[in-house]
Amino acid sequence: MDRIPTPTPPTKEQLVDMQKQHELERQKRLLTYDNTKVEAKLVYYEGWIATTGTHSVLEKLSSKFADIERGWNSVVMIGTERQRAADDTINIRSTYSYNLTEDMLEAYKENNNQLLIIK
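Just so it is clear, the structure is predicted and the values come from calculations on it, not from any experiment. Sequence order as written defines residue numbering, which begins from 1 separately in each chain. Reporting in this predicted model follows two pLDDT cut-offs: at least 70 for local features of residues, and 80 or more for side-chain atom pairs to be given and counted; totals over whole chains, interfaces and linings ignore these cut-offs and use all residues. Water and hydrogen atoms play no part in the side-chain values, which are based on all heavy atoms of the structure.

The secondary structure listing takes helices from DSSP runs of H or I that are at least 4 residues long and strands from runs of E that are at least 2 residues long, numbered from the N terminus. In terms of helices and strands, the protein chain carries three helices and four strands. Secondary structure of the protein chain in N-to-C order comes out as α-β-β-α-β-α-β. A 1.4 Å probe rolled over the protein chains alone gives each residue an accessible area, and that area as a share of the maximum for its type sets the label: buried under 20%, exposed over 50%, partly exposed in between. Across the 119 residues that make up the protein chain, the buried fraction comes to 19%. Whether two residues are in contact is decided by their heavy atoms, any of which lying within 4.5 Å being enough. For the protein chain, long-range pairs separated by at least 24 residues make up 72% of all intrachain contacts whose partners lie at least 6 apart in sequence. Each accessible area is a Shrake-Rupley estimate made with a 1.4 Å probe; only the visible protein chains count as cover when residues are assessed. For the protein chain, the computed accessible surface area is about 10,000 Å², with 52% contributed by carbon and sulfur atoms.

With a phi angle near 60 degrees, Asn112 is a residue other than glycine that sits in the positive phi range. Counting through the fold element by element, Asn112 comes out in the loop between helix 3 (102-110) and strand 4 (116-118). Unlike most non-glycine residues, Asn113 shows phi in positive territory, near 55 degrees. Inspection of the secondary structure assignment puts Asn113 in the loop between helix 3 and strand 4.

Of all hydrophobic cores here, the largest spans seven residues; its members are Ala40, Leu42, Val76, Ile78, Met104, Tyr108 and Leu116. Among the elements of the structure, strand 1 (39-56), strand 2 (62-79) and helix 3 are those that each provide at least two residues to this core. For Leu116, the contacting residues outside a window of four places in its chain are Val76, Met77, Ile78, Ala107, Tyr108 and Asn111. For this analysis, a nonpolar core means a set of buried residues of the types Ala, Val, Leu, Ile, Met, Phe, Trp, Tyr and Cys, connected via side-chain atoms within 4.5 Å. By size, the runner-up hydrophobic cluster in this structure holds five residues, among which are Val43, Tyr45, Met77 and Leu115.

Take the packing of aromatic side chains next. Centre distance within 6.5 Å is the pairing criterion for rings of Phe, Tyr and Trp, where only the six-membered ring of Trp is used; planes under 30 degrees apart are then read as stacked, over 60 as edge-to-face, and the remainder as tilted. Within this structure, the stated rule accounts for one aromatic pair. When the ring of Tyr44 is compared with that of Tyr96, the centres are 5.9 Å apart and the planes differ by 85 degrees; the resulting orientation is edge-to-face. Remark: Tyr96 occurs in strand 3 (residues 91-98) and Tyr44 occurs in strand 1; sequence separation between them is 52 residues. Residue classification places Tyr44 among the partly exposed positions, given a relative accessible area of 31%.

The salt bridge criterion pairs a side-chain nitrogen of Lys or Arg with a carboxyl oxygen of Asp or Glu, the two atoms within 4 Å. Taken as a whole and assessed by the stated rule, the structure comprises three salt bridges. The closest approach of N and O atoms between Arg26 and Glu23, which form a salt bridge, is 3.4 Å. On the criterion of helical spacing, the pair formed by Arg26 and Glu23 is a turn pair, its members being three residues apart in helix 1 (residues 12-30). On the basis of relative accessible area, Arg26 is assigned to the buried category, the value being 16%. On the accessibility criterion, Glu23 (34% relative accessible area) is partly exposed.

This part covers the environment of Leu105. Checked against the element boundaries, Leu105 lands in helix 3. Under the relative-accessibility criterion, Leu105 is labelled partly exposed at 22%. Residues Leu105 and Val38 lie 67 residues apart in sequence; the distance between their C-alpha atoms is 8.0 Å. If near-sequence neighbours (up to four positions away) are discounted, Leu105 is found in contact with Val38 and Leu100.

What follows is the structure, encoded as structure tokens:
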């Protein structure tokens, strides 16, 4: 019976070349996105969420705890499609259109027209 060959892992030089190629392709792809229309999007993402609470065993004895767990969260992102696509700080799972208000647009302009993330 034929055995499945084990792939040879890439060398460090090959990994560097692949990373460079990946970044060039990413930059090329980002140029195809619209960078003129400012939009507000409600974005759901998966990541780490800090939680706190109190565990009460008896009325006299209670302990506070803090934990970090994996879960879903949401933010409002204000910016252009290109700015949202270039941001890789969160692992986006779904996006919904959100009404862009004058206050949001003003906050975006005060942020030097850079992507604004509101939690």
